[in-house]
Amino acid sequence: MNIVSRTIGFESSSSPVLLGEKDISLPLADDYVVVELDAMSLNPVDMKIKSMRLFSGNYAAGRDFTGTITHVAANLQEKYNVGDKVSGCLHSMFPKGFVGSYTLVNVQADSLVPVPSQFSSIEAAAFPLVFLTAWEMLEDAFIDPKKPVLVLGGATAVGTMTIQLLKLKYNAEHVVATCSPRSSDYVKSFGADETIDYTSDLQGKLRHYASSQGKFCSILDAVGGREVACIAGHILHGSDGKFNFLSVAGDGSKSEKYALNLGTVTGGFTMLGRSMLGRFWGVRYKLVRANNSWMDEGSKFLRDTTIKVPIDSVYPYEDALKAWDKVESMRARGKVVVEFKAVDE
Ligand SMILES: NC(=O)c1ccc[n+]([C@@H]2O[C@H](COP(=O)([O-])OP(=O)(O)OC[C@H]3O[C@@H](n4cnc5c(N)ncnc54)[C@H](OP(=O)(O)O)[C@@H]3O)[C@@H](O)[C@H]2O)c1
């Protein structure tokens, strides 16, 4: 017997994004559960994966989601129950499961947590990837609460989570974030003390800030590019054995269109190198993985605090291609969520 899952997917970098279907075979192999989704998110990483996908194959886009467990592999039946409400996130570039109206999750490789009770189903589908990314990036950062800390891309969904964690978990007193003028109030609403407009002379403004207000204890990058890395030595305090320039976006510029080009391919290798050698090489690239610390400590933290989940827009599944376009526009302010439940009801 098979379960038919509705998906948002593509064949390769050059093929169109389409609504489609994928099958899940039953009984499930060890370590898998199936989740019937209320909602899922689309993220910039889906565009990046499409741009790097040279070979054909039915790929279902999507990383984070929320829904109800409908099937559990025989070896997991002590830990998971049919009917459990969960949020989750797939991690691998080439996941063993996939996201769709029925989502196949490998619990060894991916993250699955009980839905934080205060979240709506939209928020529950939107927080996992960006919360975890910010959480993990900060675990490797050096945060001195008294010194300014710089977030590149304060209006990105990862940036808003990073700012909130800096305030709520690390007690940072001076959070400075880059964003465009349209987003300044928005970024401050998540706790940033000051914003810097990145659209003109960013290097000059950062140098001026560091010489007048003090150097940054860490730079946390959710944008990518080399513009700030080039002047890091002038605006950062010396490292304390910790990596203090961390990037989750790599060397590619945020303003580059997601397209297959030499830069995408070499950029992938550069990111891999930075993730392994960043300790010796300056900017350290963080690639988020399944991590039990976030499932335990992060879930507890979410229960005990009031993290705001930034939502840009919500689309019914039948309009999922519009959701794709919104993420690809790079103008989304918050997460772009696709709802299955609204279509099913
Ligand atoms: N390493 C990992 O495991 C991992 C995990 C998750 C995400 N990521 C990466 O993290 C990055 C952020 O993802 P996201 O989903 O948070 O992005 P997002 O929410 O889609 O970011 C959109 C926002 O970016 C801002 N922006 C655009 N260009 C900018 C620039 N040059 N400087 C500062 N802000 C700029 C825009 O706001 P304004 O222009 O109005 O300021 C826009 O609202 C992506 O590159 C993504 O691939 C990596």
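Look above for the structure.
Computed from a predicted structure; not experimentally measured.

About the cut-offs
- Position labels on residues start from 1 in each chain and follow its written sequence.
- Restriction of local features to residues with pLDDT of at least 70 applies here, the model being predicted, together with a cutoff of 80 or more for giving and counting side-chain atom pairs; totals for whole chains, interfaces and linings are based on all residues.
- No hydrogens and no water enter the side-chain calculation; it runs on all heavy atoms of the structure.
- Distances are taken per atom, and a residue is near a molecule or strand as soon as one of its heavy atoms is within 4 Å of it.
- Identification of polar contacts relies on pairs of N or O atoms within 3.5 Å, with a donor-acceptor requirement for protein atoms, meaning one able to donate a hydrogen and the other able to accept it, and with residues adjacent in sequence counted only if both atoms are side-chain atoms.
- Surface accessibility in these figures is a Shrake-Rupley result with a 1.4 Å probe; residues are shielded only by whichever protein chains are displayed.
- The secondary structure listing takes helices from DSSP runs of H or I that are at least 4 residues long and strands from runs of E that are at least 2 residues long, numbered from the N terminus.
- When residue character is reported, Ala, Val, Leu, Ile, Met, Phe, Trp, Tyr, Cys and Pro are called nonpolar, Asp, Glu, Lys and Arg charged, and the others, Gly included, polar.
- Note that domain bounds follow an automatic or database assignment of domains.
- Note on definitions: salt bridges are taken to be side-chain nitrogens of Lys or Arg within 4 Å of carboxyl oxygens of Asp or Glu.
- Between buried and exposed lies partly exposed: a residue is buried under 20% and exposed over 50% of the maximum accessible area for its type, with that area taken using a 1.4 Å probe on protein chains only.
- Put simply, buried Ala, Val, Leu, Ile, Met, Phe, Trp, Tyr and Cys residues joined by side-chain atoms within 4.5 Å make one nonpolar core.
- Two strands make a pair as long as DSSP finds a minimum of two bridges between them.
- Multiplying one less than the number of residues by 1.5 Å gives the expected span of a helix.
- The directions considered for the arc are those from the helix axis to the C-beta atoms.
- The contact criterion used throughout is that any non-hydrogen atoms of two residues lie within 4.5 Å.

Turning next to the site of the ligand. Contacts to the ligand come from 27 residues, most closely from Ser180, Ser183, Tyr198, Lys286 and Ala332. A distance of 2.6 Å separates an oxygen atom of the ligand from a polar atom in the side chain of Ser183. At a separation of 3.3 Å, an oxygen atom of the ligand approaches a polar side-chain atom of Arg331. In isolation the ligand offers 940 Å² of accessible surface; the protein chains occlude 92% of this area. Elements with a minimum of two residues in the shell around the ligand: α1 (44–52), α2 (121–139) and α3 (157–168). Class assignment of the residues belonging to the shell around the ligand gives a composition of 16 nonpolar, five polar and six charged. Split by domain, the shell around the ligand shows at least three residues from each of two domains, domain 1 (2–126 + 310–344) and domain 2 (141–285).

This part is about the pattern of salt bridges. Applying the stated criterion across every chain yields a total of 11 salt bridges. Between Asp140 and Arg284 there is a salt bridge; the shortest N-O distance is 2.4 Å. Placement of the pair is Asp140 in the loop between α2 and β9 (149–152) and Arg284 in strand β14 (residues 284–285), with a sequence separation of 144 residues. Residue Asp140 is classed as buried on the basis of its relative accessible area of 18%. Judged by relative accessible area, which is 17%, Arg284 ranks as buried. Of the charged contacts, one joins Lys326 and Asp312 as a salt bridge, the two residues approaching to 2.8 Å between their closest N and O atoms.

This brings us to the nonpolar core. The tendency in soluble globular proteins is for nonpolar side chains to be buried as a group. In this structure, Phe131 and Leu166 are the most contacted members of the largest nonpolar core, which totals 45 residues. Taken together, the elements giving at least two residues each to this core come down to α2, β9, α3, β10 (175–179), α4 (184–188) and α8 (292–304). Of the residues forming this core, the biggest block, 11 residues, is contributed by α2. Ranked by size, the runner-up nonpolar core spans 42 residues in total, among them Ile8, Val17, Phe65 and Val72.

Let us look at the pairing of strand β6 (residues 85–89). Remark: a regular strand shows side chains that alternate across the two faces of the sheet. Along β6, four of the five residues are buried, which leaves the element largely enclosed by surrounding structure. In this structure, strand β5 (residues 64–72) lies alongside β6, joined through five bridges in antiparallel fashion. By the bridge assignment, Phe65 is partnered in β6 with Gly88. Bridge analysis of β6 against strand β8 (residues 111–114) gives four bridges, and the strand direction is antiparallel. By the bridge assignment, Gly88 is partnered in β8 with Leu112.

Here we take up the sheet that holds β10. Ordered in space as β11-β10-β9-β12-β13-β14, the six strands form an open sheet in which the pairing is parallel. A single partner strand is all that each edge strand has here, and the edge strands are β11 (194–197) and β14. Inspection of the sheet shows β9 paired to β10 by three bridges, in the parallel sense. What sits directly across from Leu150, in β10, is Val176.

A few words on helix α5 (residues 202–213). Over its 12 residues, α5 extends 16 Å from the first C-alpha to the last, a length consistent with the 16 Å expected when each residue adds 1.5 Å. Of all the positions in α5, only Leu202, Leu206, Tyr209 and Ala210 are classed as buried. The buried residues of α5 all sit within an arc of 95° when viewed along its axis, so they share a single face. In α5, the exposed positions angled more than 90 degrees off the buried face are occupied by His208 and Ser211.

When you line up the elements, Ser101 lands in the loop between β6 and β7 (102–106). Residue Ser101 is classed as buried on the basis of its relative accessible area, which comes to 4%. Contacts of Ser101, omitting those with residues within four sequence positions, involve Val4, Ser5, Arg6, Val35, Glu36, Leu37 and Phe340.

Moving on: the environment of Thr305. Looking at where Thr305 falls in the secondary structure, it is placed in the loop between α8 and β15 (311–316). Among the residues examined, Thr305 registers a relative accessible area of 19% and is labelled buried. C-alpha of Thr305 to C-alpha of Leu168: the two residues are 137 residues apart in sequence and 7.8 Å apart in space. A polar side-chain atom of Thr305 sits 2.6 Å from the main-chain carbonyl oxygen of Phe301.

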